[in-house]
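Take a look at the letters that make up each chain.
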Amino acid sequence: MTHAIAIDGLSGAGKSTVSRLLAQYLGIHYLDTGAMYRSLAYAAKEARINLTQEDQIKDWLPASGLEIVLDNQGQKTFIHGVDVSNLIRTPEMSRLSSEISALPPVRHYCVAKQRELANQKPLVLDGRDIGSFVLPDADFKFYLEATAEERAKRRWLQMQIDADPNTKTQSLEQVLQEIRSRDINDSNRKLAPAVAAEDAIVIDTTKLNLDQVVDRILYLMQEKANTNEITKSFWHEYLEKAQVFDYDKGKEEI
Ligand code: DC
């Protein structure tokens, strides 16, 4: 039986930092599903796979060498045994991953892996379609939003402390353009576009800091768990573990 927390939203909405922290508080693992699409984009480029040839991609996927390792240190992503976790964080891979993720065979391949991992243990998963498509029965579903300007600003600030010299050369305006173009790709693709599931709780993070978002999520989880015995019996112990959490903090401004 799957027990998952889905954190969806567009690029730069803060999903990965929020999900990592949330998983840490709860004492469970975090699966960054975007890293799968990024790694496949990286592997496809290395293997000189033509992204317009869907049949060719379908045949190549099982041989792409993608492997995900989740442990207490976080997630590591490998291609043919090489750790590509940092190599996939470039503007080029952001663009290519958005492109490759629109291809149905790629989505089917990644979604099958995500479901398999979620079947093994409780997870926080972040992505675009976790609550709406990958795990429609997830115990908790959140959709993080923020204006494109705010998301670009966060991403740009992160790039300033990023060690990769390629990312430092981008201006705030360029980052904003990229975010807008990925928003269009990710929200308009035919299969499983980025969308809030009907039963997801939408959180506008534009004016919230990281801690406030995590507090709110924990508060809402606790609140939902209190109304559902099955959810409560499974998550009670994990919510207890989030001891740093002051239950009433997340209640503010809801
Ligand atoms: O979250 P991210 O920026 O690392 O994701 C990279 C790309 O992968 C993103 O532009 C869209 C795609 N993606 C997706 O289609 N579905 C997901 N569940 C996660 C990411």
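Not measured: the values here are computed from a predicted model.

Of the pockets and cavities examined, the second largest pocket occupies roughly 230 Å³. Taken together, 13 residues line the second largest pocket, and the ones lying closest to its centre are Ala23, Ile28, Asp71, Asn72 and Gly74. Counting only elements with at least two residues in the lining of the second largest pocket, the list comes to helix H1 (15–26), strand S2 (29–32), strand S3 (66–71) and strand S4 (74–79). Looking at the lining of the second largest pocket element by element, the count peaks at 3 residues for H1. Tallied by class, the residues present in the lining of the second largest pocket amount to 4 nonpolar, 7 polar and 2 charged.

Of all 5 residues making up strand S6 (residues 123–127), 5 are buried, and the element is well covered by its neighbours. Across the two faces of S6 the burial is the same, with Leu123, Leu125 and Gly127 and Val124 and Asp126 all buried. Sheet analysis places strand S1 (residues 4–9) next to S6, joined by 5 bridges and oriented parallel. Considered in S6, the bridge of Ala4 is made with Leu123.

Sheet strands pair by backbone hydrogen bonding; their relative direction is either parallel or antiparallel. As summarised here, the arrangement of the 3 strands in space is S3-S4-S5, forming an open sheet in which the pairing is antiparallel. Every interior strand has two partners, whereas the edge strands, S3 and strand S5 (82–83), have only one. Of the pairings in the sheet, the one linking S3 to S4 comprises 6 bridges and is antiparallel in character. Across the sheet, residue Asp71 finds its bridge partner in S4, namely Gly74. The strands touched by helix H2 (residues 33–46) are S3 and S4; relative to S4, the strand with the most contacts, the crossing angle is about 20 degrees.

Rules of the game
- Residues numbered from 1 in each chain as written.
- Predicted model: local features only at pLDDT ≥ 70, side-chain atom pairs only at ≥ 80, totals over all residues.
- Heavy atoms only, no water.
- 1 Å grid on protein atoms, 1.4 Å probe; cavity = no way out; pocket = protein on both sides within 12 Å on 5 of 7 lines; lining within 4 Å.
- Points joined across faces, edges and corners; volume = space filled by probe spheres on them.
- Helix = DSSP H or I, 4+ residues; strand = E, 2+ residues; numbered from the N terminus.
- Nonpolar A, V, L, I, M, F, W, Y, C, P; charged D, E, K, R; others polar.
- Buried < 20%, exposed > 50% of the residue type's maximum accessible area, 1.4 Å probe, protein only.
- Pairing = 2+ DSSP bridges.
- Contact = heavy atoms within 4.5 Å.
- Axes fitted to C-alpha atoms, helices over the stretch in contact; angles between N-to-C directions.

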